[in-house]
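# Summary of structural features
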Amino acid sequence: MKIVILDGYTVNPGDLSWDAIKELGDVTVYDRTAPWETVARCAGADAVLTNKVVLGEKEISLLPELKYVGVLATGYNVVDIEAAHKAGITVTNIPAYSTDSVAQTVMALLLTITNHAEYYACENREGRWSRNPDFTYWDYPLIELAGKRLGVVGYGNIGRAVCRMAAALGMRVAAYSSKTSEELREVEKMDLDRLFSECDVVSLHCPLTPETHHLVDSHRLDQMKKSAILINTGRGPLVDEEALALALNEEKIYAAGLDVLSSEPPSHDNPLLKARNCYITPHIGWASFEARQRLMSIAAENLRAFIEGESRNRV
């Protein structure tokens, strides 16, 4: 079996091994693949693995030998699923491999906003504390999370993990979800209007659909408390970035912590890059060593199952 990995670098920049996949066939790994290189690199391949390289209807139509596409992520919008199915191509994804890592990133962003530990560590490395006339100093309000209410939009694996971590910090937790109150158990069920207007922290964990595109727009931001914090580790387009930048700069909400943006990498003129109290990480929530280990293991298991005629994580 000829196997091509189109953009292996972000998944495995060298600290992991492709051996489990190499056991399954003749493997070629490319660190990155530009759109105009995709078809040529996939030519003659039986199986292609992709993270962010697009395999649309056009690419699929030009790859008659392709039988399998393994998406190296949970989201599979980079593949035209309808075109793949029509061509008889099996498509798989990697579900639930990064749940704890993404939830941890939510907490990291939240604690950055409330405590600024890295900021003070950098200041003190430059000698600021040593020069200080008092035994302490702080430049930002220090916010205690215990007793504050965190609301998650979407109560899947990651939303549940975030609620567990927030509860461990003493926060009250709520969720907007299709699940019943009985299914949510200790988590209070709220509609969107109440969640955005009453919660001190709102964290986004819903899928990106036409209905959730720009879910957080100027209307939702106007509903939030002036002291509220917005966290997005889901999908960038869940947020209207112009509206969020304006809300931050006009102090309509206190802060935002974002691990995803609508375009990645962002353009230099993205208004959030310079917005007040906006803390942005480069889509790293999924990328812990442990999560990437799980991803690669599941990717190999998915492909092995396909070769053996079994169905595993098909989309």
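See the structure above.
Here the residue index of a chain counts from 1 through its sequence in written order. The predicted nature of this model means local features are confined to residues of pLDDT at least 70 and side-chain atom pairs, given and counted, to a pLDDT of 80 or more, with totals for whole chains, interfaces and linings taken over all residues. Side-chain metrics rest on all non-hydrogen atoms present in the structure, leaving aside hydrogens and water.

Under the scheme used here, helices are H or I runs from DSSP no shorter than 4 residues and strands are E runs no shorter than 2 residues, and both carry numbers assigned from the N terminus. Helix and strand counts for the protein chain come out as 13 helices and 12 strands. Radius of gyration means the value over C-alpha atoms here, while the globule rule gives 2.2 Å times the residue count to the 0.38 power. In terms of overall dimensions, the protein chain is globule-like: its C-alpha atoms have a radius of gyration of 22 Å, near the 20 Å expected for 315 residues. For the C-alpha atoms alone, the extent of the protein chain along its principal axes is close to 70 × 50 × 35 Å. When the 315 residues of the protein chain are sorted by exposure, 47% land in the buried category. Residue contacts follow a heavy-atom distance rule, with two residues in contact if any of their heavy atoms lie within 4.5 Å. Taking all contacts inside the protein chain whose residues are at least 6 apart in sequence as the whole, residues at least 24 apart take part in 60%. For the accessible areas, the method is Shrake-Rupley and the probe is 1.4 Å, while residue cover comes only from the protein chains on display. In the structure as shown, the protein chain presents an accessible area of about 15,900 Å², 51% of it carried by carbon and sulfur atoms. Working definition: with a 1.4 Å probe on protein chains only, accessible area under 20% of the residue-type maximum means buried, over 50% means exposed, and in between means partly exposed.

Moving on, we get to the state of the cysteines. As used in these notes, a disulfide is a covalent bond between sulfur atoms, one from each of two cysteines. Put simply, a disulfide is two cysteine sulfurs that come within 2.5 Å. In total, this model carries zero disulfides according to the counting rule given. No disulfide involves Cys-163; its nearest neighbouring cysteine sulfur is the one of Cys-199, lying 9.6 Å away. Cys-206 supplies the cysteine sulfur nearest to Cys-278, a cysteine that is in no disulfide, at a spacing of 18 Å. Among the residues examined, Cys-278 registers a relative accessible area of 13% and is labelled buried.

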